[in-house]
Amino acid sequence: MFFTKDLPSPTSIFTAYASMAGYMMMIRSMAHELIPAPIQEFIYSSLRSLFNRSSSTTLTLTIDDDNMGMSNEIYRAAQTYLSTKISPDAIRLRISKGHKDKHVNLYLSDGEIVNDVFQDVELKWIFVTDGGGDKKTGGGGGGGRGGGGRGGGRRGSVDDDGKSEYFELSFDKKHKDLILNSYIPHVETKAKEIRDERRILMLHSLNSLRWESVILEHPSTFETMAMEDQLKRDVIEDLDRFIRRKEFYKRVGKAWKRGYLLYGPPGTGKSSLVAAMANYLKFDVYDLQLASVMRDSDLRRLLLATRNRSILVIEDIDCAADLPNRVEPQQPGEVKNRGESQGPLTLSGLLNFIDGLWSSCGDERIIIFTTNHKDRLDPALLRPGRMDMHIYMGHCTFQGFKTLASNYLGLNDTTMPHRLYPEIERLMDGDVITPAQVAEELMKSEDADMALEGLVSVLEKMRFKADVSSQVMMRKENGLEMDEMTLKRDTEGSPKKNGKRIKKLVLFWT
C-alpha cells in the first residue's frame, strides 16, 4: 500500500512529459535561431567525437586514391587484393573489361563490406563513394563516414561528376603496429602477384619514333623450346637469380638490368627464346629496329619511354644499322645519310644506354641482342656488364628433336621410343639441320610414321650434302696447302740464283 500511495498517477506523468517536451522544443527553436549553423555542426561533431573516443576501441584507416596529386599505390593494391576476397553474398559489384583484358574484372561497389583475417586479427574493409556535396546516409559507407567523425571533409580521388572513392579499413586499435608493418605489406605483395597473373603481355614496336603496342600472344615456353635441358636450366636459373636480387643490385651500386646475347645460325630459335623468356617473367617486349633511329637523342627518348619489367630486343645487331666506329671519325656524307648534322646514332651512344648513366633510368630491365655472326660484333658490345650471358643457339640435337616430336606429334619416348628414333639420332649427329627445318617437316603430316619417315628422307639428303661439302672443303684446304708450299719454294730459292736475278735486273735498268 505504501508503494502505491507514493507512485505518481499516470496523468501527472504525462503532464510532466508534455511540459518537458514543450520546453525542449522551445529551447531547440531558440538555439536554431540564435546559434549559427557552422557552430551547431561543430558542437555536434565534437560531442560525437568525444563519445566515440570514450566508448570505441576501433581504429579506421582511410585509403584514398589521390595522394597529394599522385597515385596512391596502397589504394591500387587494396583494389586488386579485395577483388579476390569478394563474398558470394555481395549485393552490388562493379564489373569492367578493357580491350586488353581476357576476362572480366569484379570490384566492390559503394557500401560493400569485405571481412578479412590476418594472424587471427579480424579486419573490415568498406568501399565508399561520396557524391560531392550530397551527404549519403544509407549503406555501410554512410555509417562509416558518420562514425569516423570526419564531418564534411573530402577524401579520395574526385571524378568529373564530383564523386570520390576510397577504402576504409577498420580493426582493433591495439593491432595498429601489426596492420601497418605486416598486413599492409602483405596486401601489396599479394596484389603484385595477382597483377602478374592477370597481366597481358604487350609487344611494342617503332612507328615514326613512337612505340605502338599490340598484345603479345606468342605461345613459346621453355617447355616447348628445342634446347638442351641443361641450357634451359641455366637460363631459367639466371633469370630467377636476376629477379630476386633487387636489394643485391642496390647494395653493390649496379643498375637492376641484365644483358643476353643470342647467337647462332638462322632458324635455331632465337626469337622463340625471347618470347619464352617474356612469358616466363611476364615482361613486355620492346622490339627496337636501329635502322629506324637516326640520332642518339632519338634513342635516348625511346628508351626512356620503356616501362619497368620489360625486355628490350635488338635483333641482328650485326646488320641492324651501320653504326659509326667509336674511334674512326665519321665521314660527312654518312652523317647526312643517317639524319641531321647534330649527333647521329653511334655505337658509343648505344653503349651508354646499355651500361652508362642512362642505363639506371628504370628497374628490372633485360636487354637482348641477337646475331647470326658473333665474330662480326664489336668486342665492346660483348664484355660482361653489357652482355652478361652468351647463349649459343645451334643446330637441332636429338634431345631437341624429341621435344619437337612431343609438341607436334604427341610422341613420348619415356615408355617406348618410336622405331625411327635410332636412325634419326644417327643422322642428326653434327650440324645437319635446324629446329625450324625439323618443325617444318613434322608439320607436314599428323600421322607420326609419315612425318618421321619424311624427316628421315630429308636428313639423309642433308647428311649427304654435308658429307660432300666437307670433302670439297678438305680438298680445297689440301690444295691451298700445296699452293702455299709451291709459292714458298719459288720465292725462297738459293742465294746464288737470287744474286744472279738481282744482277740481271740492275743491268737491265742501267
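Residue positions are given per chain, counting from 1 as you read along its sequence in written order. Restriction of local features to residues with pLDDT of at least 70 applies here, the model being predicted, together with a cutoff of 80 or more for giving and counting side-chain atom pairs; totals for whole chains, interfaces and linings are based on all residues. Note that the side-chain values use all heavy atoms of the structure and ignore hydrogens as well as water.

The next thing to look at is the overall build of the protein chain. Along its length, the protein chain carries 18 helices and 16 strands. Whether two residues are in contact is decided by their heavy atoms: any pair within 4.5 Å suffices. Taking as baseline every contact in the protein chain between residues at least 6 positions apart, the subset at least 24 positions apart corresponds to 71%. With an accessible surface of roughly 32100 Å², the protein chain has 55% of that area assigned to carbon and sulfur atoms. Only DSSP runs of H or I with at least four residues qualify as helices, and only runs of E with at least two residues qualify as strands; both kinds are numbered from the N terminus onward. Computed by Shrake-Rupley with a 1.4 Å probe, the accessible areas treat only the displayed protein chains as cover when residues are assessed.

Within the fold, Thr268 resides in the loop between β12 (257-263) and α9 (270-281). Apart from the residues lying within four places of it in its own chain, the contact partners of Thr268 are Met393, Gly394, His395, Thr434 and Pro435.

Before going further, it helps to examine the pattern of salt bridges. Any carboxyl oxygen of Asp or Glu that lies within 4 Å of a side-chain nitrogen of Lys or Arg is treated as forming a salt bridge with it. Using the criterion set out here, one finds 16 salt bridges in the structure. The salt bridge partner of Asp196 is Arg309, with a shortest N-O separation of 3.6 Å. Placement of Asp196 in helix α6 (residues 176-198) and of Arg309 in the loop between α10 (296-304) and β14 (310-314) is noted, with a sequence separation of 113 residues between them. Accessibility expressed as a relative area gives 13% for Arg309, which makes it buried. Salt bridges sharing partners connect three or more residues here, namely Lys192, Asp196, Arg309 and Glu364. Residue burial is assigned from relative accessible area. The probe radius is 1.4 Å, only protein chains are included, and a residue is buried under 20% of its type maximum, exposed over 50%, and partly exposed in between.

What follows covers helix α14 (residues 398-409). Compared with the 16 Å implied by 1.5 Å per residue over 12 residues, the 15 Å span of α14 between its first and last C-alpha is a close match. The complete set of buried residues in α14 reads Phe398, Gly400, Phe401, Thr403, Leu404, Ala405 and Leu409. In the segment just after α14, Gly410 is the residue with positive phi, at about 70°. Under the convention used throughout, the expected extent of a helix is 1.5 Å for every residue step, that is, one less than its residue count.

Below, the discussion takes up the side chain of His418. Summarising the element assignment, His418 is placed in the loop between α14 and α15 (421-427). When its relative accessible area of 15% is taken as the criterion, His418 is described as buried. The residues contacting His418, other than those within four sequence positions of it, are Asp449 and Leu452.

The mixed open sheet is built from 7 strands, whose spatial order is β11-β10-β13-β14-β15-β12-β16. Only two strands of the sheet have a single partner each, and these edge strands are β11 (211-215) and β16 (389-392). Here the average twist between neighbouring strands, direction ignored, is 20°. In this sheet, strand β15 (residues 365-371) lies alongside β12 in parallel orientation, the contact comprising 7 bridges. Bridging across to β15, Gly259 finds its partner in Ile367. For two strands to be treated as a pair, DSSP must find at least two bridges joining them. For helices, the fitted axis covers only the stretch in contact; all axes are lines through C-alpha atoms, and the angles between them, taken along N-to-C directions, range from 0 to 180 degrees.

Residue-level confidence of the predictor is summarised by pLDDT, bounded by 0 at the bottom and 100 at the top. When pLDDT is averaged across the protein chain, the result is 79; 75% of the residues are at 70 or more. Within the protein chain, helix α7 (residues 229-243) carries the highest mean pLDDT (95), whereas helix α5 (residues 139-148) carries the lowest (38). The low-confidence segment residues 133-156 (pLDDT under 50) makes 39 contacts with residues lying over four places distant or belonging to another chain. Note that pLDDT drops below 50 for residues 334-342; the model gives that stretch 13 contacts with residues more than four away or on any other chain.

Now for the packing of aromatic side chains. Two rings belonging to Phe, Tyr or Trp (six-membered ring only in the last case) form a pair when the distance between their centres is within 6.5 Å. Interplanar angles under 30 degrees mark stacking, angles over 60 mark edge-to-face geometry, and anything in between is tilted. Throughout the structure, instances matching the rule amount to 14 aromatic pairs. Members of the aromatic cluster, joined through ring pairs, are Tyr75, Phe118, Trp125, Phe127, Phe167 and Tyr183. Charge-over-ring placement is defined geometrically: NZ (Lys) or CZ (Arg) within 6 Å of the ring centre, and within 35 degrees of the ring normal. Over the ring of Phe248 we find Arg245, and its NZ or CZ is 3.8 Å from the ring centre. Sitting over the ring of Tyr263, Lys374 keeps its end group 4.5 Å from the ring centre.

In the contact formed by α7 and α9, the axes pass within 12 Å of each other and the chain directions differ by 45°. Between α7 and α9, the crossing angle belongs to the class labelled oblique. Here α7 runs over α9; the crossing is right-handed. From α7, Ile236, Leu239, Asp240 and Ile243 reach across to α9, where they touch Met277, Tyr280 and Leu281. Asp, Glu, Lys and Arg are counted as charged, while Ala, Val, Leu, Ile, Met, Phe, Trp, Tyr, Cys and Pro are counted as nonpolar; the rest, among them Gly, fall into the polar class. The class makeup of the residues in the contact of α7 with α9 is 6 nonpolar, no polar and 1 charged. If an angle is under 35 degrees, it is roughly parallel; if it is over 145, roughly antiparallel; if it lies from 65 to 115, roughly perpendicular; otherwise it is oblique. Take the far helix as your reference; a near helix turned counterclockwise from it by less than a right angle gives a left-handed crossing, and one turned clockwise gives a right-handed crossing.

The subject of this paragraph is the pairing of strand β13 (residues 284-287). Residues of β13 alternate between two faces, with Asp284 and Tyr286 on one and Val285 and Asp287 on the opposite face, all of them buried. In the sheet, strand β10 (residues 202-206) pairs with β13 via 3 bridges, with the strands oriented parallel. In the strand pairing of β13, His204 is matched with Tyr286. Pairing analysis gives 4 bridges linking β13 to β14, with the strands arranged parallel. Across the sheet, Tyr286 pairs through a bridge with Leu312, a residue of β14.

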